[in-house]
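Survey of secondary and tertiary structure
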Amino acid sequence: MAPRNKYTRNEMVEAAVRVVRKKGIDALTAKALASELGVSTQPVFTCFHTIDEARREVRAAAEQIYDSYIAEGLQMQPPFFGVGMQYIRFSREEPELYRLMFLTAGDDGKNSFMNALGHSQDLVRESLMETYHMDAPTADRYFRDLWLVVHGLATLIVSGECSYSEQEIGGILTGFSLSVCKAIKEIPGFVEGTFDRDKEFHKLLDQ
């Protein structure tokens, strides 16, 4: 009979997350996980058939951690601003998990950002519709435009290239949010992309 594994699967996953937090997903090997736990590699392969299985578990755990940040943001006022700032906070506090979720292709080879964008959109759509009195397609357009700005700022933070303070980032998000919201409310066809761009720009320039 094989010896009983002294660590549960959850404990193994938690240890794998610790490795990734410190050194990134590429550093997660059977040897690194065994070292984190203080065991040989045998218990690692008793728990996980392959190291890719462990990496999938870490990605799932990272998603749960990310979701907790977003849930906290949804309790703030206004909710979407809170969500944006929590996304920024996640990138500051969990840079390697951010890289894994948003900058690393998944096992299926698909763009991780687009997958995570869709996941995030599902989390906040209802709140956007209720807060800003939008239908679902409008809320999704608003979310996409704002999320591209938030993602750009967060990526700068993770790469160590962002010199903006939290207060300055809040101002950027507020200004861009107001601009997109006004465009949605005041320009017919903005959401669908059917509005007359030249006409709308001339109206702004003539003011």
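Structure first, text after, so check above.
All of these numbers come straight from a predicted model, not from anything done at the bench.

**Remarks on helix α4 (residues 51-74)**
Note that an α-helix has 3.6 residues per turn; residues three or four places apart therefore point the same way. For α4, which comprises 24 residues, the first-to-last C-alpha distance of 35 Å matches the rise-based estimate of 34 Å (1.5 Å per residue) to within 8%. Along α4, the residues that are buried comprise Ile 51, Glu 53, Ala 54, Val 58, Ala 61, Ala 62, Ile 65, Tyr 66, Tyr 69, Ile 70 and Gly 73.

**What about unusual backbone geometry?**
At the junction of Gln 77 and Pro 78, the peptide bond is cis and its omega measures out at -10° in the coordinates. Note on placement: Pro 78 falls in the loop between α4 and α5 (79-93). Phi at His 133 is positive, roughly 55°, even though this residue is not glycine. Secondary-structure assignment places His 133 in the loop between α7 (112-132) and α8 (136-158). Residue classification places His 133 among the exposed residues on the basis of a relative accessible area of 68%.

**Thoughts on the packing of α5 against helix α9 (residues 166-186)**
Relative orientation and spacing of two packed helices are given, respectively, by the angle between their axes and the distance between those axes. Contact pair α5 / α9: the axes reach a minimum separation of 10 Å and the direction vectors enclose 140°. It follows that α5 is oblique to α9 by the angle criterion. Viewed along their axes, α5 and α9 form a crossing whose handedness is right-handed. Of the residues in α9, those in contact with Phe 81, Gly 84, Met 85, Ile 88 and Arg 92 of α5 are Glu 166, Ile 169, Gly 170, Leu 173 and Thr 174. In terms of residue class, the contact of α5 with α9 is made up of five nonpolar, three polar and two charged.

**Focus on the pattern of salt bridges**
In the structure shown here, the tally under the stated rule is 14 salt bridges. The salt bridge involving Lys 182 is made with Glu 186; its shortest N-O contact spans 3.0 Å. In this pair, Lys 182 and Glu 186 are both assigned in helix α9, four residues apart and thus about one turn of the helix distant. Lys 182 gets classed as partly exposed once you look at its relative accessible area, which sits at 41%. Judged by its relative accessible area of 53%, Glu 186 is exposed. With a closest N to O distance of 3.5 Å, Glu 200 and Lys 203 form a salt bridge. Pair noted here: Glu 200 and Lys 203 are both in helix α10 (residues 197-205), with a separation of three residues, about one helical turn. Judged by its relative accessible area of 16%, Glu 200 is buried. Through salt bridges with shared partners, one network takes in Arg 9, Glu 53 and Glu 57.

Basis of the calculations
Residues numbered from 1 in each chain as written. Predicted model: local features only at pLDDT ≥ 70, side-chain atom pairs only at ≥ 80, totals over all residues. Heavy atoms only, no water. Helix = DSSP H or I, 4+ residues; strand = E, 2+ residues; numbered from the N terminus. Expected span 1.5 Å × (residues − 1). Buried < 20%, exposed > 50% of the residue type's maximum accessible area, 1.4 Å probe, protein only. Axes fitted to C-alpha atoms, helices over the stretch in contact; angles between N-to-C directions. Parallel < 35°, antiparallel > 145°, perpendicular 65-115°, else oblique. Left-handed = near helix turned anticlockwise from the far one by under 90°. Contact = heavy atoms within 4.5 Å. Nonpolar A, V, L, I, M, F, W, Y, C, P; charged D, E, K, R; others polar. Salt bridge = Lys/Arg side-chain N within 4 Å of Asp/Glu carboxyl O.

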